[in-house]
Amino acid sequence: MAQHGKLRMILDRDYRIAELDRRVFGSFIEHLGRAVYDGIYQPGHPMSDEEGFRKDVIALVRELEVPIIRYPGGNFVSNFYWEDSVGPREKRPKRLELAWRSTESNQVGLHEFSRWAEKADSSVMMAVNLGTRGVQDACNLLEYCNHPSGSRYADLRIEHGAKDPYNIKVWCLGNEMDGPWQLGMKTMEEYGRIAAETAKAMKLIDPGIELVSCGSSSIEMPSFPQWEAATLEHTYDYVDYISLHNYYGNRKDDSADFLACSDDMDRFIRSVVATCDFVRAKKRGRKDIMLSFDEWNVWFHSNAADEDIMRNHPWQQHPRLLEDVYNFEDALAVGLLLITLMKHADRVKMACLAQLVNVIAPIMTEPDGGAAWRQTIFYPFLHASRYGRGTVLMPAGSVTKHRTSGHDEITDAESIAVWQEEKEELTLFLVNRNLERPVELSLDIRSFPQYQVLEHIVLESPDLKAVNSASGESVRPEKHAGTHVTDGCVEGLLAPASWNVIRMKKS
């Protein structure tokens, strides 16, 4: 047995990062693959309700307690004609969906998705098309969704059966507009100008909305971070957030180095924060631009199959695209990325796990009347969303390290704490990302007298490549005994390659 690693930390109620915004545990549904059709919506399925929505899927979304869901894209939004998705279904046209080379039936549109989000106890983050459309169409859509009555598009919504406004409060100004794959791709100056003018107009219609400006599509973009600096020169006065997108994958089949992906996310966030603050200083601004990490996940398993379908079998309705089947090490990576988002609670106020159902998702459905089931990544997200409530506290101290092929030395374990003061509950989220050795935990919590361990939840597996399926879950959380508080110190052992949630409460 390899020598144990060590995590020696002090946790104090005054070591506060920020109040954690619940919207950090948001998600994303795009009109892509089987996310909508055969995902959330499947008329005739034994588990579907009178409106065609899968009740078993709704139950799993509720279990995750997702507070906000980005819609309808993604790349899809850059050729989205929202007018096609409203009104009587029998009159809605089918449309060639160019981003994913599929056929969109428009049987699920704004009204249906709003109803589904309500059933799932969530709210909508809406994206506008700034690829093939522009300012006027964004304003028309906002008027349709949010204006009470007495105007052309508000009255059209009422005519379509929705008397009350949808009252959508978060709006994304396009999607990945720096990407060559994006319909209507813009230069920095082009996007900065149209986003600023769109934002100005939209806030005249509804001053209470929050707006998200497009950041770089990933940290690997050649224009990063100049894109952020140049576009914020135009949008700083009108927007509230800038978006970040990034996906991670074990493409080298090097598990130890793959679990350093959270270090890459941390560097990305810090770089965007620095760029936002540079623009604020340059403009003599008084507000901080907050971050919306509204696309993140592990994504690489399905890439070859996706390319084949789009290239050789186009224009299908809801083909099986981006259906990654996640393994245990992917769940560890998602846990690490969640910890990183929580560490930046002072600036990351929204985030969207991309996506929610069937498409690179924690929830899967089987075709032809089959069941819905939980992927391995479901569980870290569930724990973080359920117990990540309150003030984020930063543990201070030391942790042993190990080397990986691409990141030199990284910590054996990553950790963060969230304190729910009014309930006198304290939750530690930890990942031992060392594949070989356990880590001894010693956490000084004398700042929290009389707190005792309620439970220690562990997700672990002897097989890093283990997966779940509709027939059963080989990766699921278990209770771990032995973690306790002695003389104001939490002591326990974190198994190699494990996700850990230690919940404490004042006795």
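Up top is the structure.
Residues numbered from 1 in each chain as written. Predicted model: local features only at pLDDT ≥ 70, side-chain atom pairs only at ≥ 80, totals over all residues. Heavy atoms only, no water.

A. Seen up close, a nonpolar patch on the surface. On the surface, a cluster of nonpolar side chains totalling about 270 Å² of accessible area is made up of Leu 96, Leu 98 and Trp 315. Its location among the elements puts Trp 315 in the loop between helix 9 (303-312) and helix 10 (328-343). According to the relative accessible area criterion, Trp 315 is partly exposed, its value standing at 33%. (Patch = residues over 30% accessible without salt bridge, like charges linked within 9 Å, V, L, I, M, F, W, Y side chains within 5 Å. Areas by Shrake-Rupley, 256 points an atom, 1.4 Å probe, with all protein chains shown as cover. Salt bridge = Lys/Arg side-chain N within 4 Å of Asp/Glu carboxyl O. Helix = DSSP H or I, 4+ residues; strand = E, 2+ residues; numbered from the N terminus. Buried < 20%, exposed > 50% of the residue type's maximum accessible area, 1.4 Å probe, protein only.)

B. Region of the structure containing the sheet that holds strand 25 (residues 489-494). Strand order in the open sheet formed by five strands is 16-1-21-25-24, and the pairing between neighbours is mixed. With one partner strand each, in any of the chains shown, strand 16 (396-399) and strand 24 (484-486) form the two edges of the open sheet. Going across the sheet, the axis of each strand differs from the next one's by a mean of 15 degrees, ignoring polarity. (Pairing = 2+ DSSP bridges. Axes fitted to C-alpha atoms, helices over the stretch in contact; angles between N-to-C directions.)

C. Main features of the packing of aromatic side chains. If you walk through the whole model with that rule in mind, you get 17 aromatic pairs. Residues Phe 25 and Phe 381 carry aromatic rings whose centres are separated by 6.4 Å and whose planes lie at 90 degrees to one another, so their mutual orientation is edge-to-face. Of this pair, Phe 25 sits in the loop between strand 2 (16-19) and strand 3 (26-28) while Phe 381 sits in helix 11 (residues 378-387), and the two are 356 residues apart along the sequence. With respect to class, Phe 25 is no different from Phe 381; both count as buried. An aromatic cluster is defined as three or more aromatic residues linked by ring pairs; in this entry it consists of Trp 82, Tyr 144, Tyr 153 and Tyr 166. Arg 13 extends its terminal NZ or CZ atom over the ring of Phe 448, reaching a point 4.9 Å from the ring centre. (Phe/Tyr/Trp six-rings, centres within 6.5 Å; stacked < 30°, edge-to-face > 60°. Lys NZ or Arg CZ within 6 Å of the ring centre and 35° of its normal.)

D. Highlighting the pattern of salt bridges. All chains considered together, the criterion is met by 47 salt bridges. Residues Lys 252 and Asp 257 are paired through a salt bridge, measuring 3.0 Å at the closest nitrogen-oxygen approach. For Asp 277, the salt bridge is made with Arg 347, and the minimal N-O distance between the two is 3.0 Å. Pair noted here: Asp 277 is in helix 8 (residues 261-282) and Arg 347 is in the loop between helix 10 and strand 12 (348-354), with a separation of 70 residues, a long-range link. Exposure remark for Arg 347: the relative accessible area of 8% places this residue in the buried category.

E. The arrangement of the pairing of strand 12 in detail. Counted residue by residue, strand 12 has seven buried out of seven residues, so it is predominantly covered. As paired elements, strand 3 and strand 12 share three bridges and run parallel to each other. Of the residues in strand 12, the one forming a bridge with Gly 26 is Cys 352. Summarising the sheet, strand 11 (residues 290-298) and strand 12 pair through four bridges and their orientation is parallel. Paired with Ser 292 across the two strands is Met 350, which belongs to strand 12.

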